[in-house]
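Coordinate analysis (summary)
Residues per chain are reported as follows:
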Amino acid sequence: MTVKTIATTPFDGQKPGTSGLRAKTRVFMQPHYLENFVQAVFDTVGPLKGKTLTLGGDGRYFNTEAIQTILKMAAANEAARVVVGRDGLLSTPAASAVIRNRKTDGGLILSASHNPGGEDGDFGIKYNIPAGGPAPESITGAIHVRTGEISEYRILEASDVNLSVEGETQLGSTIVEVIDPVAIYAELMRALFDFEAIRGLFASGFRMRFDAMHAVTGPYARAILEDTLGAPAGTVINAVPLPDFGGGHPDPNPVYAAGLMAEMFSDAAPEFGAASDGDGDRNMIVGRNTYVTPSDSLAVLAANAHLAPGYAGGIAGIARSMPTSRAADRVAAKLGVEAFATPTGWKFFGTLLDAGRVTICGEESAGTGSNHVREKDGLWAVLLWLNLLAVKKIPVADVMAEHWATYGRDYYSRHDYEEVDKTAAEGLMDDLRAALPDLAGREIDGLTITEADDFAYTDPVDGSRAEKQGIRIVFGDAARGVLRLSGTGTVGATLRVYLERFEPDPAKQGDDPQVALAQVSAAVQTLTGISDRLGRATPDVRT
Ligand code: G1P
Ligand code: ZN
């Protein structure tokens, strides 16, 4: 086995976005593209000599090839050990759990999350720090700089490692340790939740459907829900991870998990439904005839976390991404704990979690999690819901009605305009940004703007600063619109419009959210002219 030093030249645009480097799979498959980025990571966080890494991915097309390449590069860079999930699989939350449990010097996660996979789909890679979370911008920025100056990378000339069998293999001077991808994660879940109570719930005839969307959570959900908690076989559907996710779009929302939604709103609906995304960090929660928005789910989980043994002592604080609804803040106020609004992306929660300032975090984009790992965690949210349902013994619809009666309801919806012209989308944002100073006091479509700004954030723990994180148009306590451009897309631009309206009166909390939000949606439209400027009459996706 010889170490080869390969001459290379930089690729443009190897800039990690909201969550790592994402690009079309074919872009990643071209010679040197993956290698350049991986060597840039090693150069930035290394030297790798003597260090340990966690490695795994969501099983999408090119996952296995990329894992083999990274193993050979880690060996050539003299890593002491690489802990890798069997068959190259690790869900994102499980990877975070392994980094923490095995105390590795960080890890590499291969995933483009909820983006479609396959040869014509998307691929991605990100580096997570030893605390288990996504690298902060100071590190991703340095990696990006390094990708721009790279001239060579190192790789071991060796045959592929057998990843289908657990155990240790020597690769050069590096030990490759193949582990069960589920075990460490499953033990962590057992420590947090009342498995006896949940087992009792299933034993009483409670039915659920978990749609793993042919993505990485299938093996985790089967092992925990069916094999451990006694949910009947068949509770988990689309449970086998496929390289192209069965041709689907592995994003757990009412649009892409339409089959599950149809079942949950049918006469034969089970009591509870859930879905997770490509890499298992997102979740969707549905009760019989009841869709729970991610913003509401975050608030309900925070309000009821004390019902699970792992959080019985109460929570320290709650953090949400800024565009997430203000429902979580209302819970924090009632509990008398701190509430934080951070920029979009899980990496901004890390410092608050590490410092013990918050216990529960969430994003409107179907991400919820806690201090048990440093990633959002789809199955964790599902288990916390099951734990609270096992204690409360009432339907999901009643949980929501009770919650809104106590805190008021924040009607919420996100409207996405996908793959639009980048210049047009950036122009829209630039013009709106320029108009911000004159907006306060203006009345639009019957709503008065009280505040309008471009969200900037100073991390309360390390003082780091993030700017241009979304434009907020606030209509007093009543309503809010937020606009931002996605940082995870790979084609054109995606404009996200986040809409919310507060309704304290229980008699008025039963409306269709799109109807309840029509006025604020119209006001944002009037203010920005989205339809004309982007040439789209309606959004592509409403969640
Ligand atoms: C999206 C979500 C964001 C999430 C990220 C990674 O990023 O909006 O909340 O953290 O995916 O799952 P965006 O495409 O909006 O930049
Ligand atoms: Zn994801």
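Before reading on, note that the structure itself is shown above.
These notes cover the structure that comes with them.

Rules behind the numbers
- Sequence positions are assigned chain by chain, starting from 1 and proceeding in written order.
- Note on labels: chains are lettered from A, ligands numbered from 1, in written order.
- For a predicted model such as this one, the threshold for reporting local features is a pLDDT of at least 70, and the threshold for listing and counting side-chain atom pairs is 80 or more; totals across whole chains, interfaces and linings nevertheless cover every residue.
- Note that water and hydrogens are dropped before the side-chain values are worked out from all heavy atoms of the structure.
- A 1.4 Å probe that fits but cannot get out identifies a cavity on a 1 Å grid over protein atoms alone, an open set with protein on both sides within 12 Å along at least five of seven lines counts as a pocket, and a residue lines either if it has an atom within 4 Å of a point.
- Grid points are joined across faces, edges and corners, and a volume is the space filled by probe spheres set on the points.
- The helix count covers DSSP runs of H or I at least four residues long, the strand count covers runs of E at least two residues long, and both are numbered beginning at the N terminus.
- The residue classification treats Ala, Val, Leu, Ile, Met, Phe, Trp, Tyr, Cys and Pro as nonpolar and Asp, Glu, Lys and Arg as charged. All others, Gly included, are polar.
- We call a residue near a given molecule or strand whenever any one of its heavy atoms falls within 4 Å of it.
- N or O atoms closer than or at 3.5 Å make up a polar contact, with two conditions inside protein: a donor-capable atom paired with an acceptor-capable one, and, for residues adjacent in sequence, both atoms drawn from side chains.
- Per-residue and other accessible areas follow the Shrake-Rupley method at a 1.4 Å probe size, with only the shown protein chains counted as cover for residues.
- Those molecules having more than half of their atoms within 2 Å of a cavity or pocket grid point set are described as sitting in that cavity or pocket.
- Because no water is among the atoms considered, metal sites can look incomplete, with donors defined as N, O and S atoms within 2.8 Å of the metal, or 3.2 Å for Na, K and Ca.
- Under this scheme a four-donor centre is tetrahedral when all angles range from 85 to 135 degrees, a four-donor centre is square planar and a six-donor centre octahedral when opposite donors are above 155 degrees with the rest from 65 to 115, and any other centre is irregular.
- Whether a residue is buried, partly exposed or exposed follows from its accessible area with a 1.4 Å probe, protein chains only, as a fraction of its type maximum: under 20%, in between, or over 50%, in that order.
- Working convention: axes come from line fits to C-alpha atoms, limited for helices to the stretch in contact. Angles between N-to-C directions cover 0 to 180 degrees.
- In this scheme, roughly parallel covers angles under 35 degrees and roughly antiparallel covers those over 145, while 65 to 115 is roughly perpendicular and the rest are oblique.
- Each helix crossing is assigned a hand: it is left-handed if the near helix lies turned anticlockwise from the far helix by less than a right angle, otherwise right-handed if that turn is clockwise.
- Throughout, a contact is declared for two residues whenever any of their heavy atoms are within 4.5 Å.
- Strands qualify as paired when DSSP identifies two bridges or more between them.

In this approach the atoms are scanned with a rolling probe the size of a water molecule, which exposes any empty space left behind. Here the largest pocket defines a volume of roughly 1,200 Å³. As for the largest pocket, its lining consists of 41 residues, and the residues nearest its centre are G17, T18, L485, S486 and G487. Secondary structure elements with two or more residues in the lining of the largest pocket: β2 (21-24), α5 (137-147), α15 (422-435), β26 (479-485) and β27 (493-503). Looking at the lining of the largest pocket residue by residue, the classes come out as eleven nonpolar, 17 polar and 13 charged. In this structure, the second largest pocket spans a volume of roughly 520 Å³. H114, N115, H249, D251 and E418 are the residues nearest the centre of the second largest pocket, which is lined by 36 residues in total. The element best represented in the lining of the second largest pocket is strand β19 (residues 409-420), accounting for four residues.

This part covers the site of ligand 1. Around ligand 1, 16 residues are found, and the nearest of them are S365, R484, S486, G487 and T488. Here R282 contributes a side-chain N or O atom positioned 2.9 Å from an oxygen atom of ligand 1. Here an oxygen atom of ligand 1 sits 2.8 Å away from a polar atom, N or O, in the side chain of K376. Considering ligand 1 on its own, with 380 Å² of exposed area, one finds that the protein chains cover 99% of that surface. Assessed atom by atom at 2 Å from the grid points, ligand 1 resides in the largest cavity. Looking at side-chain class alone, the shell around ligand 1 contains no nonpolar, nine polar and seven charged residues.

For the zinc ion (ligand 2), the full set of protein donor atoms is S113 (OG), D277 (OD), D279 (OD) and D281 (OD), at a range of 2.0 to 2.1 Å. Taken together, the four donor atoms surrounding the zinc ion (ligand 2) define angles of 86 to 159 degrees at the centre, an arrangement classified as irregular. Each donor residue of the zinc ion (ligand 2) belongs to the same chain, with the gaps between them written as S-x163-D-x1-D-x1-D. By the burial criterion, D277 is buried, and D279 matches it.

Closest axis-to-axis distance for the helix α8 (residues 217-228)/helix α13 (residues 378-392) pair is 11 Å, and the angle between their directions is 25 degrees. The angle between α8 and α13 places the two elements in the roughly parallel class. Handedness of the crossing formed by α8 with α13: right-handed. Taking contact as the criterion, the partners of T217, Y220, A221, I224 and L225 in α8 are, on α13, L379, L383 and L386. Its residues placed into classes, the contact of α8 with α13 shows seven nonpolar, one polar and no charged.

Strand order across the open sheet formed by six strands is β22-β25-β26-β27-β19-β28, with antiparallel pairing between neighbours. The sheet is open, and its two edges are formed by β22 (451-454) and β28 (541-542), each paired on a single side. Bridging between β26 and β27 involves seven bridges; their strand directions are antiparallel. Pairing of R484 across the sheet is with R496, part of β27.

As a further point, take the pairing of strand β6 (residues 122-128). Two faces belong to every sheet, and in a regular strand the side chains alternate between them. Buried residues dominate β6, accounting for seven of its seven residues. Because side chains alternate across β6, one face comprises the buried residues D122, G124, K126 and N128, and the other comprises F123, I125 and Y127, equally buried. Bridge analysis of β2 against β6 gives four bridges, and the strand direction is antiparallel. By the bridge assignment for β6, L21 is matched with I125. Judged from the four bridges that link them, strand β5 (residues 107-110) and β6 form a sheet pairing that is antiparallel. Paired with L108 across the strands is Y127, a residue of β6.

Further remarks concern the side chain of D281. Examined against the element boundaries, D281 turns out to sit in the loop between β12 (272-276) and β13 (283-287). Not counting the four nearest positions on each side in its chain, D281 is found in contact with T92, P93, S113, A366, G367, K376, D377 and G378.

It is worth spelling out the sheet that holds strand β10 (residues 208-211) at this point. Taken in spatial order, the five strands of this open sheet run β11-β10-β12-β13-β14, and their pairing is mixed. Both edges of this open sheet fall to β11 (236-237) and β14 (290-292), since each of them pairs with a single strand only. Note that β12 and β13 share five bridges and pair antiparallel. Pairing of S276 across the sheet is with N283, part of β13. In the packing of helix α14 (residues 396-407) onto the sheet, the strands contacted are β12, β13 and β14, and the crossing angle to β14 comes to about 55 degrees.

Helix α11 (residues 327-335) packs onto helix α10 (residues 294-304) with a crossing angle of 15 degrees between their chain directions and a minimal axis gap of 8 Å. Considered as vectors, α10 and α11 are oriented roughly parallel to each other. The crossing of α10 and α11 is right-handed. Of the residues in α11, those in contact with S295, D296, L298, A299, A302 and A303 of α10 are A327, A328, V331 and L335. For the contact of α10 with α11, the per-class residue count stands at eight nonpolar, one polar and one charged.

Where burial is concerned, most of strand β9 (residues 174-179) is hidden: five out of the six residues are buried. Relative to β9, strand β4 (residues 81-89) runs parallel, the two being bridged by five bridges. By the bridge assignment for β9, R81 is matched with I175. By the bridge criterion, five bridges tie strand β8 (residues 167-171) to β9 in an arrangement that is antiparallel. Its bridge partner being in β9, E168 is matched across the sheet by E177. Taking the residues between adjacent antiparallel strands as the criterion, β8 and β9 are bridged by two residues, where G172 takes a positive phi near 60 degrees.

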